[in-house]
Amino acid sequence: MSSTTVLLLAWAGLLLSAWPLDRVVENLVPRLPPKSLLRAIDTAVHGFIGGFSYWMACIICPQLVLNISSWLSQLGFGLANNKNRASQEILWLDVFYSFCVAFVISCSIDLDHIIKDLFLVITGQSPAQWERGWLHFSLPPLVLSCTLYLSALLFHSLWCIPCATLCILSIISHHIRDGVHHGLQFYPLGNTPKIPYWLYIVLTLVLPVITSKFSSSIILQVKSAVALPVRNSLEIV
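Residues numbered from 1 in each chain as written. Predicted model: local features only at pLDDT ≥ 70, side-chain atom pairs only at ≥ 80, totals over all residues. Heavy atoms only, no water.

Could you clarify how one ought to interpret the pattern of salt bridges in this entry?
Two side chains with opposite charge may pair up if their charged atoms get near one another. In the structure shown here, the tally under the stated rule is 3 salt bridges. Across the salt bridge formed by Arg-177 and Asp-22, the nearest N and O atoms sit 2.7 Å from each other. Note that Arg-177 is positioned in helix H8 (residues 160–182) and Asp-22 in helix H2 (residues 20–28), a separation of 155 residues in sequence. Residues Arg-177 and Asp-22 agree in their burial class; the two are buried. In this structure, Arg-177 and Asp-42 form a salt bridge, with 2.9 Å as the shortest nitrogen-oxygen distance. Separated by 135 residues along the polypeptide, Arg-177 in helix H8 and Asp-42 in helix H3 (residues 40–60) bring together distant segments of the chain. (Salt bridge = Lys/Arg side-chain N within 4 Å of Asp/Glu carboxyl O. Helix = DSSP H or I, 4+ residues; strand = E, 2+ residues; numbered from the N terminus. Buried < 20%, exposed > 50% of the residue type's maximum accessible area, 1.4 Å probe, protein only.)

Mind showing me how you'd approach the packing of aromatic side chains here?
Describing an aromatic ring pair means giving the distance of the ring centres and the angle of the ring planes. Under the definition given, this model contains 11 aromatic pairs. When the ring of Phe-48 is compared with that of Phe-52, the centres are 6.3 Å apart and the planes differ by 25 degrees; the resulting orientation is stacked. Of this pair, Phe-48 and Phe-52 both sit in helix H3, 4 residues apart, roughly one helical turn. With 5.8 Å between their ring centres and 20 degrees between their planes, Phe-52 and Trp-55 make a pair best called stacked. Within this pair, Phe-52 and its partner Trp-55 are both found in helix H3, separated by 3 residues, close to a single helical turn. Here Phe-52 falls in the buried class, since its relative accessible area comes to 13%. Of the residues examined, Trp-55 reaches a relative accessible area of 14% and is grouped as buried. Members of the aromatic cluster, joined through ring pairs, are Phe-48, Phe-52, Trp-55, Trp-92, Phe-99 and Phe-103. (Phe/Tyr/Trp six-rings, centres within 6.5 Å; stacked < 30°, edge-to-face > 60°.)

Honestly, that's just the spatial picture; any functional story needs more than this.
This is the structure we're talking about:
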């Protein structure tokens, strides 16, 4: 399967998650009881958006693929230590693992709702700045991403680039979807107006492309500085 085909599949998955699936969940969740576990499907949609976004980024910029198979083999399990496994099969697994990592990170943003509820139970009151939860503040992940990109350029640390990209595509994509109802929260600077739905769709579909291209340019600069080879394409067979 060519990288173009995989990219189209990831883009289709992202579009379906961001639009039809989002509409279904938006109409379903308000009808559920306040503490129903089925409300977690809204969090799952965030996860799919984050996962497909990072999957797209990995196809556009293969250097963003997380080398999880190698990490697993160093721990004594996984498939990378099986010499009969083709490198392309291991690469496919790493792309899938990267999707899963982005999915989990994007879903975990909603953990602050649970923390807020626990705080409310323990103290009987909820701080005003926690109205949407502190993990929904957009300023910290933006600052962290910029810091990681700068660290990659200054210290030639390639691992900073996937981390920064994950931060943007998993966390900021979550904030953008929530921004349709609440705007983006740049505490303590203030909030933006609510994001129009059409703009949310456009940003969600464009963000992986822009971020991966930007990350690719930084990777080229870092590898040129330290004379490392660059992977130009990702073919999954």
